[in-house]
Amino acid sequence: MRSDDRKRAIGKVMSVAADRFVVEMHAGTDNFTFVGFDDVHYVARLGSFLMVPAQSEYVVVEVVGLRERDTGRPVEGPNFDRADSPKFLDVVPVGMLPAGGGTFRFGVSVFPSLYADALYALDYELDRIFETHSPLEPSKGLNGAACTPADANRYRVLSIGKSVIFEDYEVKVRIDEFFGGHVAILGNTGSGKSCTVASVLQSLFEKPDEHHARGATFVVFDVNGEYRPALEPLARAGRIGVERVVLDGTKAGFRLPHWFLEMAEWELLLQASEKTQLPVLRTALGLTSLLRDYSPAALEIKEHFIATCIVECFRGADGDSPVAKFQRVVSLLQKYPTANLNMALLNRFSPNFQYGNFAGPNSQEDFLAQVRVRVREDIHLPSYDQTPFAFDDLEECVDFAILYEEAHGNRQIRDYCSSMVTRLKSLKDRDEYAFLRHTEAEVATASSAIQFLFQLLGLKSEGARVIKRNQIIILDMNDVEDEVVELVSSVTARMFFKLLRRADPRNRFPIHLLLEEAHRYIGAAPSRYAVDATKGFERIAKEGRKYGMFILLASQRPSELSKTVLSQCSNFVVHRIQNPDDLSQIRQMTPFISDAVLKRLPSLPKQHALVFGTSVNLPTTFKVRESRPRPHSDDTKIVDLWFHEEGRPTGTGLSLGIADGDDEDPDQAIA
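The following paragraphs examine the structure supplied in this document. (Residues numbered from 1 in each chain as written. Predicted model: local features only at pLDDT ≥ 70, side-chain atom pairs only at ≥ 80, totals over all residues. Heavy atoms only, no water.)

1. Quick word on the overall build of the chain
Okay, so step 1: Helix and strand counts for the chain come out as 21 helices and 24 strands.
Okay, so step 2: Considering only residue pairs separated by 6 or more positions, the chain has 71% of its internal contacts joining residues 24 or more positions apart.
Okay, so step 3: Counting every atom, the chain has about 32,400 Å² of accessible surface; 49% of that belongs to carbon and sulfur. (Helix = DSSP H or I, 4+ residues; strand = E, 2+ residues; numbered from the N terminus. Contact = heavy atoms within 4.5 Å. Areas by Shrake-Rupley, 256 points an atom, 1.4 Å probe, with all protein chains shown as cover.)

Structural data, given as structure tokens:
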């Protein structure tokens, strides 16, 4: 035992078992508190730690119960004074801490003897237990490169709040372990999740100039539009950049080119059935790549396709009128003209083509003879390669693909594809999908996928170097429905993941996806919308770490989250949770947490949370660091808004988006 250990002894070990000790506190201890040589210590708080010397180490024990032994003495008079009664602490061993220095390790290899002293823990011992005793370390360049300045330091731990067990003790997480894995921030609505997210990012980016996290990239999927006031003030010119892009469904906000969608995403978006509609959709999307491909091989494919469809148009198998069939031929020749099949060829045999008439009795047969020469048996239509194309082209390409299938004997394919065609027309007409639809003029100036991602991630190429302009990107999706949220989150996350998978060297550009209200688009049950984002995020949860992509999800309903995504989280910050299903889900996903710890969750006050995982050695309850400024997630002040003095205007400054000239009932207007 060290020389000052006896000064902080609070009692003696009276019982030793493999899984539990009993400590009798010294006589005269007032309400389980102890006045030490350095401060007053409240050692009887559930979850606090004591140190029990055992040879050259300390056994670290956690307080799980407190009681007193009934002396059997009757209570005399009206006063109830048991200050001098024996007091006992029930404690469980959690690990070992070397007395002379060294790291904390779980499990107990040496047990204390009876009557060993039980000591209160000092702050520096708590730092050693949590491995946060060295908040700074010398900066290191990649692959041993020198740093500028040479004596620069960097943070290795991050303070996230104050302990509710150890007075004035800062709870810290190890940055590598916390941000080097997936994180779940859970809790009932109103328990403080959004403030916790904002507080963690503020704590990270408000460091002094030398410690700015310039290499960080946080993409915030802000489905409630609440993070702008909390995160935009973090911007520092030349150091930290914060950009907010708004997805409102229109062409004025965030745009996502439709050709960035992969084949599987188109299939889900149009709900194409596997046996009949899917082959047609694949053919149609493949045809879009022919529009701007002028290679000899592409021209040969075009001629085969045009010739096959023209022959089918004049077979007369469907119920279209001769004029409608003729116009379809005209559309084909105008859309896919080649040197051999074009409008000039049609004009030779049909000067009045707009009326569907040929010049002579054999003109149609002569025209078809010229066309049939271009039909080949060994030609395969191109597959979809995400070449830019106008959204309006897809509807026409679907019609041509159906015609091509009819030419190969599938006479009922048009009826089978009617539902997919209807969904495509709906997608073309719905206002909320205007952000996705791009015109012919926009295609001509379209950026590549890499350029799109660089712009979204705040990157800029300068020669061989890539300069980072933004560390926080807020994708505000408050104005769109869950259907659009799922599509955008799924496609952008997949594109980020694909970018990192192709990076060389890999794992050098970490991206953190902050998923607010994650249960809305990463559900345990299949999505009721066309595009299911869950599968993409499940893959990122399982494989993202090796490529440098991480998920920080925030949700009030753990039981509705994908079990796969939740099970891959290595760190948890859990606020008050009272729903039995949600508590059960956390218990299943985190088997290393005891029931005693989980029982604290339903009674946690607002702005308090329990943190556990790889970034903290032991579960710890703490009060979250105050978020300043706060996100727009405050509770509604019902009393203030309901009851006010006469004459005070209701909802001063409130706009409900009623445009000038809109019909408005003056009796229902808000002043």
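On we go from here.
2. Points about a nonpolar patch on the surface
Okay, so step 1: Together, Met-14, Val-16, Phe-111, Leu-114 and Tyr-115 make up an exposed nonpolar region whose accessible area comes to about 460 Å².
Okay, so step 2: Relative to the elements of secondary structure, Phe-111 occurs in the loop between β8 (105-106) and β9 (117-120). (Patch = residues over 30% accessible without salt bridge, like charges linked within 9 Å, V, L, I, M, F, W, Y side chains within 5 Å. Salt bridge = Lys/Arg side-chain N within 4 Å of Asp/Glu carboxyl O.)

3. Some words on the packing of helix α15 (residues 449-457) against helix α16 (residues 482-502)
In a packed pair of helices, the relevant descriptors are the angle between the two axes and the axis-to-axis distance.
Okay, so step 1: Interhelical geometry of α15 versus α16 gives an angle of 105° and a closest axis separation of 11 Å. Put simply, α15 runs roughly perpendicular to α16. Packed against α15, whose contacting residues are Ala-449, Ile-450, Phe-452, Leu-453, Leu-456 and Leu-457, the element α16 presents Met-495, Phe-496 and Leu-499 at the interface.
Okay, so step 2: Its residues assigned to classes, the contact of α15 with α16 shows nine nonpolar, no polar and no charged. (Axes fitted to C-alpha atoms, helices over the stretch in contact; angles between N-to-C directions. Parallel < 35°, antiparallel > 145°, perpendicular 65-115°, else oblique. Nonpolar A, V, L, I, M, F, W, Y, C, P; charged D, E, K, R; others polar.)

4. Concerning the packing of aromatic side chains
Okay, so step 1: Considering all chains together, one arrives at 23 aromatic pairs under this definition.
Okay, so step 2: Between Trp-259 and Phe-260, the aromatic rings sit 6.1 Å apart at their centres with planes inclined by 75°, giving edge-to-face as the arrangement.
Okay, so step 3: Among the aromatic side chains, those forming a connected cluster through ring pairs are Phe-49, Phe-130, Phe-166 and Tyr-169.
Okay, so step 4: Positioned above the aromatic ring of Tyr-169 is the side chain of Lys-172, whose terminal nitrogen or guanidinium carbon lies 4.8 Å from the ring centre.
Okay, so step 5: The lysine or arginine in question, Arg-501, covers the ring of Phe-497, its NZ or CZ lying 5.7 Å from the ring centre. (Phe/Tyr/Trp six-rings, centres within 6.5 Å; stacked < 30°, edge-to-face > 60°. Lys NZ or Arg CZ within 6 Å of the ring centre and 35° of its normal.)

5. Some thoughts on the nonpolar core
Okay, so step 1: Among the nonpolar cores identified, the biggest contains 125 residues, and Trp-266 and Leu-513 are the most heavily contacted of them.
Okay, so step 2: The dominant element in this core, judged by the number of residues it contributes, is α16, at 11 residues.
Okay, so step 3: Every residue in contact with Leu-513, bar those within four places of it in the chain, is listed here: Val-219, Phe-221, Ala-493, Phe-496, Phe-537, Ile-540, Met-549, Phe-550, Ile-551 and Leu-552.
Okay, so step 4: Counting 50 residues, the second largest nonpolar core, distinct from the first, contains Phe-178, Ile-185, Ile-472 and Phe-622. (Core = buried A, V, L, I, M, F, W, Y, C linked by side-chain atoms within 4.5 Å. Buried < 20%, exposed > 50% of the residue type's maximum accessible area, 1.4 Å probe, protein only.)

6. Let's talk about the pairing of strand β20 (residues 511-515)
Okay, so step 1: Along β20, five of the five residues are buried, which leaves the element largely enclosed by surrounding structure.
Okay, so step 2: Neither face of β20 is exposed, since Ile-511, Leu-513 and Leu-515 on one face and His-512 and Leu-514 on the opposite face are all buried.
Okay, so step 3: Sheet topology note: the strand β15 (residues 218-222)/β20 ladder contains four bridges and is parallel. When the sheet's bridge partners are listed, Val-220 is paired in β20 with Leu-514.
Okay, so step 4: As paired strands, β20 and strand β21 (residues 549-555) are joined by five bridges and run parallel to one another. Each residue of the ladder has a partner; that of Leu-514, found in β21, is Leu-552. (Pairing = 2+ DSSP bridges.)

7. Regarding the pairing of β9
Okay, so step 1: Neither face of β9 is left uncovered, since the one carrying Asp-117 and Leu-119 and the one carrying Ala-118 and Tyr-120 both have all their residues buried.
Okay, so step 2: Bridging between strand β1 (residues 9-16) and β9 involves three bridges; their strand directions are antiparallel. By the bridge assignment, Lys-12 is partnered in β9 with Asp-117.
Okay, so step 3: Pairing between strand β5 (residues 49-54) and β9: two bridges, direction antiparallel. For Leu-50, the partnering residue across the bridge sits in β9 and is Tyr-120.

8. Side note on the pattern of salt bridges
Opposite charge on two side chains lets them pair, provided their charged atoms get close.
Okay, so step 1: Considering all chains together, one arrives at 33 salt bridges under this definition.
Okay, so step 2: Its salt-bridge partner being Lys-162, residue Glu-170 comes within 4.0 Å of it at the nearest N-O pair.
Okay, so step 3: When its relative accessible area of 34% is taken as the criterion, Glu-170 is described as partly exposed.
Okay, so step 4: For Lys-162, a relative accessible area of 38% corresponds to the partly exposed category.
Okay, so step 5: Here Asp-378 makes a salt bridge to Arg-376, at a shortest N to O gap of 3.1 Å.

9. Considering the packing of helix α7 (residues 296-313) against helix α8 (residues 322-335)
Okay, so step 1: α8 packs onto α7 with a crossing angle of 170° between their chain directions and a minimal axis gap of 9 Å. When the axis of α7 is compared with that of α8, the two are roughly antiparallel. Residue-level contacts link Phe-305, Ile-306, Cys-309, Ile-310 and Cys-313 of α7 to Lys-325, Arg-328, Val-329, Leu-332 and Leu-333 of α8.
Okay, so step 2: Of the residues contributing to the contact of α7 with α8, the split by class is eight nonpolar, no polar and two charged.

10. Digging into helix α19 (residues 580-589)
Okay, so step 1: Every buried residue belonging to α19 is among Asp-582, Leu-583, Gln-585, Ile-586 and Met-589, and all of these are buried. Looking straight down α19, one finds that the buried residues subtend no more than 160° of arc, so they occupy a single side.
Okay, so step 2: Looking at the packing, one finds that the buried side of α19 touches β14 (182-186), α18 (563-567), β22 (569-574) and α20 (595-598).
Okay, so step 3: Looking at where α19 begins, the residue whose side-chain oxygen comes 2.8 Å from the main-chain nitrogen of Asp-581 is Asn-579. (Arc of directions from axis to C-beta. Polar contact = N/O pair within 3.5 Å; in protein donor to acceptor, adjacent residues only side chain to side chain.)

11. A word on helix α1 (residues 123-130)
Okay, so step 1: In terms of burial, α1 is largely enclosed, as six of its eight residues are buried.
Okay, so step 2: Among the residues of α1, Glu-125, Leu-126, Asp-127, Arg-128, Ile-129 and Phe-130 are the ones counted as buried.
Okay, so step 3: One or two positions beyond α1, positive phi appears at Glu-131, with a value near 55°.

12. Examining the environment of Asp-482
Okay, so step 1: Take Asp-482: it is sitting in helix α16.
Okay, so step 2: A sequence separation of 259 residues divides Asp-482 from Val-223, and the C-alpha atoms of the two residues are 8.7 Å apart.
Okay, so step 3: Setting aside anything within four residues of it in sequence, one finds Asp-482 in contact with Arg-520 and Tyr-529.
Okay, so step 4: Within polar-contact distance, the side chain of Asp-482 engages the side chain of Arg-520 at 2.4 Å.

13. A word on unusual backbone geometry
Okay, so step 1: Between Asp-504 and Pro-505 the backbone carries a cis peptide bond, its omega angle lying at 0°.
Okay, so step 2: For the bond from Arg-628 to Pro-629, the omega torsion is -5°, close enough to zero to count as cis.
Okay, so step 3: The phi torsion at Gln-55 lies on the positive side, around 60°, for a residue other than glycine.
Okay, so step 4: Along the polypeptide, Gln-55 turns up in the loop between β5 and β6 (57-68).
Okay, so step 5: Residue Gln-55 is classed as exposed on the basis of its relative accessible area, which comes to 69%.
Okay, so step 6: Positioned with a positive phi, Glu-517 is a non-glycine residue whose angle comes to about 50°.
Okay, so step 7: Along the chain, the position of Glu-517 falls in the loop between β20 and α17 (534-547).

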